[in-house]
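Per-entry structural report
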Amino acid sequence: MTRPNLQIALDHNNLETALTDVVKVGEIVDILEVGTILCLQEGNKAISCIRHLFPNKKIVADTKCADAGGTVAKNVSDAGADWMTVICCATLPTMAAAQKEVEELQVELYGDWTFEQAASWYELGITQAIYHQSRDALLSGETWGEKDLNKVKKLIEMGFKVSVTGGLNVDTLKLFEGMDVYTFITGRGITASENPIQAAEDFKQEIIRIWGE
Ligand code: 5RP
């Protein structure tokens, strides 16, 4: 089993605070995400600044794109993103158009989606899915549980590289022990911590403890 990646989600309201955090933890984590909030607030400038600071890191633009996939993907790619997200309710033509412009496309799973749809994404050549507990669902009392683990397992069995995200903390990771999770994505688990460097190290060490070097 491969050790899962650690991805930081930069969901800051402005570029200055995002840069403050990414400079601290960028070399500890494996993947840098320009989060949806930051994309909406600052646009592709955020991607190009972070690319400039980290020329060799994988960068994801978390656009959760729903339409105009080709244009959005070309724009984020020109700014320096390697990967981009589309929302699961986007049409197959939107996904296909986006996929042509970025190295890899990730489908963000929110709300209602089916394994039949997932099979059609896979047929299109999309190999990454993000299993998400929405921020708003978590705020209304949802937690990670068996129903989520079963869906993640099934997606992995279908062949997807599955990232997991939504209110993760270091203690949540052990729920996924024994599963071939591709990436753990955390935002506030690092950025809202008093010591983001220590928090990023703690996530990394817990991944290594469970999945090995
Ligand atoms: C919100 C997102 C977040 O980037 C992702 O869920 C990680 O955030 P957090 O760890 O703070 O919940 O995609 O839509």
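Above this text sits the structure in question.
Right, let's walk through the structure included here. (Residues numbered from 1 in each chain as written. Predicted model: local features only at pLDDT ≥ 70, side-chain atom pairs only at ≥ 80, totals over all residues. Heavy atoms only, no water.)

1. With respect to the packing of aromatic side chains
Note the following rule: Two rings from Phe, Tyr or Trp (for Trp, the six-membered ring) form a pair when their centres are within 6.5 Å of each other. A pair whose planes differ by under 30 degrees is stacked, one over 60 is edge-to-face, and the rest are tilted. Every helix listed is a DSSP run of H or I at least four residues long, and every strand listed is a run of E at least two residues long, numbered separately from the N terminus. Throughout this description, buried means an accessible area under 20% of the type-specific maximum (1.4 Å probe, protein chains only), exposed means over 50%, and partly exposed covers the range between. The rule for a charge over a ring is simple: NZ of Lys or CZ of Arg within 6 Å of the ring centre, and within 35 degrees of the ring normal.
Considering all chains together, one arrives at seven aromatic pairs under this definition. Note on Trp83 and Tyr182: the rings are 6.5 Å apart at their centroids and 35° apart in plane angle, and the pair reads as tilted. Of this pair, Trp83 sits in strand 4 (residues 83-87) while Tyr182 sits in the loop between strand 7 (161-165) and strand 8 (183-186), and the two are 99 residues apart along the sequence. For Trp83, a relative accessible area of 3% gives the class buried. With a centroid separation of 5.6 Å and an interplanar angle of 65°, the aromatic rings of Phe176 and Phe184 are classed as edge-to-face. Three or more aromatic residues link up through ring pairs in this structure, and these residues are Tyr131, Trp144, Phe176, Phe184 and Trp211. One cation-aromatic arrangement involves Lys154 over Phe115; the distance from NZ or CZ to the ring centre is 4.3 Å.

2. Topic: the pairing of strand 1 (residues 5-10)
Quick note on the threshold: Strand pairing is defined by DSSP finding a minimum of two bridges between the two strands. Think of it like this: strands point away, you trace from the first strand over the helix to the second, and a clockwise trace means the crossover is right-handed.
Of all the six residues making up strand 1, six are buried; the element is thus mostly covered by neighbouring parts of the structure. The side-chain alternation of strand 1 yields two buried faces, one formed by Asn5, Gln7 and Ala9 and the other by Leu6, Ile8 and Leu10. Examined bridge by bridge, strand 1 and strand 8 share four bridges and lie parallel to one another. Bridging across to strand 8, Gln7 finds its partner in Ile185. Taken together, the four bridges between strand 1 and strand 2 (residues 31-34) define a ladder with parallel strand orientation. Across the sheet, Gln7 pairs through a bridge with Ile31, a residue of strand 2. Assessed by its sense of winding, the connection that carries the chain from strand 1 through helix 1 (residues 15-25) to strand 2 is right-handed.

3. Focus: the sheet that holds strand 3 (residues 58-65)
Definition in use: What counts as an axis is a line fitted to C-alpha atoms, over the stretch in contact for a helix, and the angles between N-to-C directions run from 0 to 180 degrees.
One closed barrel accounts for eight strands, arranged 1-2-3-4-5-6-7-8; its pairing is parallel. Direction aside, the axes of adjacent strands within the sheet are offset by 25° on average.

4. What about the site of the ligand?
Here is the rule we go by: Throughout, near means a residue has at least one heavy atom within 4 Å of the molecule or strand. What qualifies as a polar contact is a pair of N or O atoms within 3.5 Å, subject to a donor-acceptor requirement within protein and to the restriction that residues adjacent in sequence count only when both atoms come from side chains. Exposure was quantified through the Shrake-Rupley algorithm and a 1.4 Å probe, taking into account, for residues, occlusion by the shown protein chains and nothing else. In this analysis the probe radius is 1.4 Å and the grid spacing 1 Å, with only protein atoms considered; a cavity is a set of points the probe fits into but cannot get out of, a pocket is an open set with protein on both sides within 12 Å along at least five of seven lines, and lining residues have an atom within 4 Å of a point. Grid points define the cavity or pocket, and a molecule sits in it when more than half of its atoms lie within 2 Å of them. All amino acids are sorted into three groups, where Ala, Val, Leu, Ile, Met, Phe, Trp, Tyr, Cys and Pro are nonpolar, Asp, Glu, Lys and Arg are charged, and the leftover types, Gly among them, are polar.
If you check the shell around the ligand, you find 14 residues, and the closest are Asp11, Lys64, Gly167, Gly187 and Arg188. Interatomic distance of 2.5 Å between a side-chain N/O atom of Asp11 and an oxygen atom of the ligand. Measuring from an oxygen atom of the ligand, one finds a backbone N or O atom of Gly167 at 2.8 Å. For the ligand, whose accessible area on its own is 370 Å², the fraction buried by protein is 92%. When atoms are counted within 2 Å of each cavity's grid points, the one that captures over half of the ligand is the largest pocket. Here the shell around the ligand is built from residues that sort into two nonpolar, six polar and six charged.

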